[in-house]
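Here's the letter readout for the chains.
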Amino acid sequence: MPELPEVEEAAQRLRRAVVGRTIARVQPLHRSVAARVTPAIARALRGATVERVERRGKHQLIHLEDGRIIHVHFRMSGDWALLGDAEAPRSARLVITFTDGTRLALVDPRALGTVDVHRAGAPPVIALGPEATDPTIDPAEVRAQLRGRRAPIKVALLDQRILAGVGNIYAAEGLWHAKLDPRVAASSLTRRQVARMLQGIRTAMAQAGGARYATDEDRFAVYGRRGEPCRRCGTPIEQLTQAGRSTYFCPKCQGARRRS
DNA sequence: CGTATCCTGACC
DNA sequence: GGTCAGGATACG
């Protein structure tokens, strides 16, 4: 499931599965896909060969040799599944069959994911900030982006134009690592605090991408842990709602009054 | 700016 | 039955 580390992992599986292969058949199985991949568009994909797979933030771009691009976004619950000979699961929203028999499914229980086919020469325009995992990001530039934004920092982080790939979980996790209060105005962060926040997000994402944990419980420091003791100071983790999304944080070590 | 909305499933 | 989900956008 899908924030930057998970989409990156999915894109790698996709790459291994489809680069160099030729599409034999495209079957939209739900209106979430069929609304944009019409029967004519699906038919026209037959015979096209995949040249490469690119990830930008949480977006995946399947570049075809003829210049067309299949643009996929998992939204809340999308993922790739290789079907083999198995029947497509109930949650499959799109199945692509390749000439060598490879069968790839977009599984997406909530059916909020999107698939768009762009014709050659008309690539998608996606407004994204720098990749959240990029260690060369200049904190001063991110701070400049955050100036004049009255939203709380946690809400601003969900705007993909600030940092590409940060979602609700890693926004909370990154702020915890950086000991920053999710409620403070984005515009109030110092350059130093922004630098710490960037490091915190990278730390959180690196932990997700690295060792696999047995359960979700061990993967996150604060996300989904309301009432459990903070790993740093033991204070119970609190949950609040910001812009309609849950935010988890430690009221003590992410307190508003602490400086740098 | 916050809120509703798309859609389905899991859980209380 | 209601509420809540790791996303993004169209609203008012």
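Residues numbered from 1 in each chain as written. Chains lettered and ligands numbered in written order. Predicted model: local features only at pLDDT ≥ 70, side-chain atom pairs only at ≥ 80, totals over all residues. Heavy atoms only, no water.

1. Structural notes on the nonpolar core
Next up, step 1: Judged by nonpolar contacts, the single largest core of 28 residues is most densely connected at L146, I153, L157, L163 and M197.
Next up, step 2: Among the secondary structure elements, those contributing two or more residues to this core are α4 (139-146), α5 (153-157), α6 (168-177) and α7 (191-209).
Next up, step 3: Examining the composition of this core, we find that 7 residues originate from one element, α7, more than from any other.
Next up, step 4: Excluding residues that lie within four positions of it along the chain, L146 makes contacts with I153, A156, I162, A186, S187, L189, V194 and M197.
Next up, step 5: Counting residues in each nonpolar core, the second largest holds 27 residues, with A10, A42, V50 and I70 among its members. (Core = buried A, V, L, I, M, F, W, Y, C linked by side-chain atoms within 4.5 Å. Buried < 20%, exposed > 50% of the residue type's maximum accessible area, 1.4 Å probe, protein only. Helix = DSSP H or I, 4+ residues; strand = E, 2+ residues; numbered from the N terminus. Contact = heavy atoms within 4.5 Å.)

2. What about the sheet that holds strand β1 (residues 23-28)?
Next up, step 1: Strand order in the open sheet made by the 4 strands is β1-β6-β7-β5, with antiparallel pairing throughout. In this open sheet, the two strands that pair with only one neighbour each are β1 and β5 (79-82). Each strand of the sheet is rotated relative to its neighbour by a mean of 20°, with strand direction disregarded.
Next up, step 2: In this sheet, strand β7 (residues 103-107) lies alongside β5 in antiparallel orientation, the contact comprising 4 bridges. Within the sheet, the bridge partner assigned to L82 lies in β7 and is L104.
Next up, step 3: Across the sheet, helix α1 (residues 4-18) lies against β5, β6 (92-98) and β7, angled at about 35° from β5, the strand it touches most. (Pairing = 2+ DSSP bridges. Axes fitted to C-alpha atoms, helices over the stretch in contact; angles between N-to-C directions.)

3. Remarks on the protein's contact with DNA strand B
Next up, step 1: Residues in contact with DNA strand B, as listed here, are H30, R31, R90, R93, P109, R110, L112, R149, R150 and A151.
Next up, step 2: For DNA strand B, the fraction of protein-proximal atoms (within 4 Å) that sit in sugar or phosphate groups is 68%.
Next up, step 3: Between DNA strand B and the protein, one listed contact pairs a phosphate oxygen with a side-chain N or O atom of H30 at 3.2 Å.
Next up, step 4: With respect to DNA strand B, the backbone of P109 contributes an N or O atom lying 3.3 Å from a sugar or linking oxygen.
Next up, step 5: Tallied by class, residues from the surface near DNA strand B come to 3 nonpolar, 1 polar and 6 charged. (Near = heavy atom within 4 Å. Polar contact = N/O pair within 3.5 Å; in protein donor to acceptor, adjacent residues only side chain to side chain. Nonpolar A, V, L, I, M, F, W, Y, C, P; charged D, E, K, R; others polar.)

4. Thoughts on the domain arrangement of chain A
Next up, step 1: Domain assignment breaks chain A into domain 1 (4-118) and domain 2 (139-258).
Next up, step 2: Opposite the 7 residues of domain 1 that make contact, domain 2 presents 11 residues.
Next up, step 3: A combined buried area of about 590 Å² lies between domain 1 and domain 2, and 60% of that area is made up of carbon and sulfur atoms.
Next up, step 4: When the buried surface of domain 1 facing domain 2 is broken down by residue, L4, P5 and K58 rank first, second and third, together holding 62% of it. (Domains from an automatic or database assignment. Buried area = accessible area lost by both parts, 1.4 Å probe.)

5. Focus on the pattern of salt bridges
Next up, step 1: Summed over all chains, the structure comprises 14 salt bridges.
Next up, step 2: Between R219 and E6 there is a salt bridge; the shortest N-O distance is 3.0 Å. With R219 in helix α8 (residues 216-219) and E6 in helix α1, this pair connects stretches of sequence that are 213 residues apart.
Next up, step 3: For the salt bridge of E9 with R13, the shortest nitrogen-to-oxygen distance reads 3.4 Å. Of this pair, E9 and R13 both sit in helix α1, 4 residues apart, which is roughly one turn of the helix.
Next up, step 4: Judged by its relative accessible area of 25%, R13 falls in the partly exposed class.
Next up, step 5: By sharing partners, the salt bridges in this structure join E8, R55 and E131 into a single network. (Salt bridge = Lys/Arg side-chain N within 4 Å of Asp/Glu carboxyl O.)

6. Topic: the protein's contact with DNA strand C
Next up, step 1: Near DNA strand C lie 18 residues; those nearest to it are H73, R75, Y223, R245 and S246.
Next up, step 2: Counted by atom, the contact set of DNA strand C within 4 Å of the protein is 58% sugar and phosphate.
Next up, step 3: In the model, a sugar or linking oxygen of DNA strand C is placed 3.5 Å from a nitrogen or oxygen of the E3 side chain.
Next up, step 4: One nitrogen or oxygen atom from the side chain of R245 is found 2.6 Å from a phosphate oxygen belonging to DNA strand C.
Next up, step 5: Those elements giving two or more residues to the surface near DNA strand C turn out to be α6, α8 and β10 (245-249).
Next up, step 6: Across the surface near DNA strand C, the residue classes break down as 4 nonpolar, 6 polar and 8 charged.

7. Side note on the sheet that holds strand β2 (residues 50-56)
Backbone-to-backbone hydrogen bonds join strands into a sheet, with any given pair of strands oriented parallel or antiparallel.
Next up, step 1: Taken together, 4 strands build an open sheet; the order of strands is β2-β3-β4-β8 and the sheet is antiparallel. In this open sheet, the two strands that pair with only one neighbour each are β2 and β8 (114-118). Looking at each pair of strands side by side, their axes are set apart by 15° on average, direction ignored.
Next up, step 2: Where β2 lies against strand β3 (residues 59-64), 6 bridges are found, and the strand directions are antiparallel. From the neighbouring strand, V50 faces β3, where its bridge partner is L64.
Next up, step 3: Across the sheet, α1 touches β2 and β3, and the angle it forms with β2 is around 175°.

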